[in-house]
Amino acid sequence: AVSTTTQASANELTNPGFEIPNFFGWNTFNNTFPSADSPRTGSSGGLVLGPFFALPHASGIFQDIPATEGAIYEGSIWAINDTSILDGSNQPDIIAGTGNVVSLGLEWVENGATTRVAEEIIFEGSDPNLVLDEFVQGTVVSPPVPAGVDSVRLVLLFVQPPTFDGGLVFFDDASLAVIPEPASLGLAVVGLVAVGRRRRRPTRRSHSGSKHSAAAPGSR
């Protein structure tokens, strides 16, 4: 019962599975495309790669949801370096051995301005232990939303170095949801302990049968 209080609420994103024919519900910039190449679930996901032109050397996809003051948000997305996706030279079109970096971030949006508040690097092309052919989940958790913030933004970012390194990453199954604040969790735990104590007292005073007989099998 306690563990369920730490779970996030319902996913608030539109089209979290990036279903085609387009990225409805999402905003994209530079080289980000719908694709049916390697879906984790459903029939499609997306491909993201470097823009191959001058600054800011990035491509990506993002979505905003209305912010709730004081709430804490958890965002996630799944991504893969799929060696079955080939480039023009018939080689795996992955970021291994490159300077490309793929990250997931959360931002506050206030009066049109954005502030990055959480970020996790999912893939780094220079990593000798870069995971291939397996979906990896990136997860970010925000601080409590301050007053004045209009929206929370989940953004997947593919940053390409000035050398215009090649390679791409496939992504799917995003999520953005509210999770309980630590203070709320603490109050919930205290409440459960108090209820448990009240329920156990009659059992302790009873002289008939086992003291465990009052609890149903599997109950907590």
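A few points on the structure. (Residues numbered from 1 in each chain as written. Predicted model: local features only at pLDDT ≥ 70, side-chain atom pairs only at ≥ 80, totals over all residues. Heavy atoms only, no water.)

## Digging into the sheet that holds strand β6 (residues 101-110)
Part 1 of the reasoning: Read across the sheet, 5 strands follow the order β1-β4-β9-β6-β7 without closing on themselves; strand pairing throughout is antiparallel. The open sheet has two free edges, formed respectively by β1 (27-29) and β7 (113-124), since each of these has just one partner strand. Averaged over neighbouring strand pairs, the angle between their axes works out to 20 degrees when direction is ignored.
Part 2 of the reasoning: Summarising the sheet, β6 and strand β9 (residues 151-159) pair through 9 bridges and their orientation is antiparallel. For Leu106, the partnering residue across the bridge sits in β9 and is Leu154. (Pairing = 2+ DSSP bridges. Helix = DSSP H or I, 4+ residues; strand = E, 2+ residues; numbered from the N terminus. Axes fitted to C-alpha atoms, helices over the stretch in contact; angles between N-to-C directions.)

## Observations regarding the sheet that holds strand β5 (residues 72-80)
Part 1 of the reasoning: Strand order in the open sheet made by the 5 strands is β2-β3-β10-β5-β8, with antiparallel pairing throughout. Bordering the open sheet on either side are β2 (32-35) and β8 (136-141), each of which pairs with just one other strand. Across this sheet, the average inter-strand angle for adjacent strands is 35 degrees, counted without regard to direction.
Part 2 of the reasoning: Bridge count between strand β3 (residues 45-49) and strand β10 (residues 168-179): 4 bridges; the pairing is antiparallel. Each bridged residue has a counterpart across the sheet, and for Leu47 the counterpart in β10 is Phe170.

## Looking at the pairing of β6
Part 1 of the reasoning: Most of β6 is tucked away: 9 of the 10 residues are buried.
Part 2 of the reasoning: In this sheet, β7 lies alongside β6 in antiparallel orientation, the contact comprising 10 bridges. The residue bridging Leu106 from the neighbouring strand is Ala118, located in β7.
Part 3 of the reasoning: Where β6 hands over to β7, the hairpin turn is made up of 2 residues, of which Asn111 adopts a positive phi near 55 degrees. (Buried < 20%, exposed > 50% of the residue type's maximum accessible area, 1.4 Å probe, protein only.)

## Description of unusual backbone geometry
Part 1 of the reasoning: Following Ile20, the chain continues into Pro21 via a peptide bond in cis, with omega recorded as 25 degrees.
Part 2 of the reasoning: Turning to its location among the elements, Pro21 is positioned in the segment before β1.
Part 3 of the reasoning: The backbone of Phe52 shows a phi angle near 60 degrees, a positive value even though the residue is not glycine.
Part 4 of the reasoning: Looking at the secondary structure, you find Phe52 in the loop between β3 and β4 (58-66).

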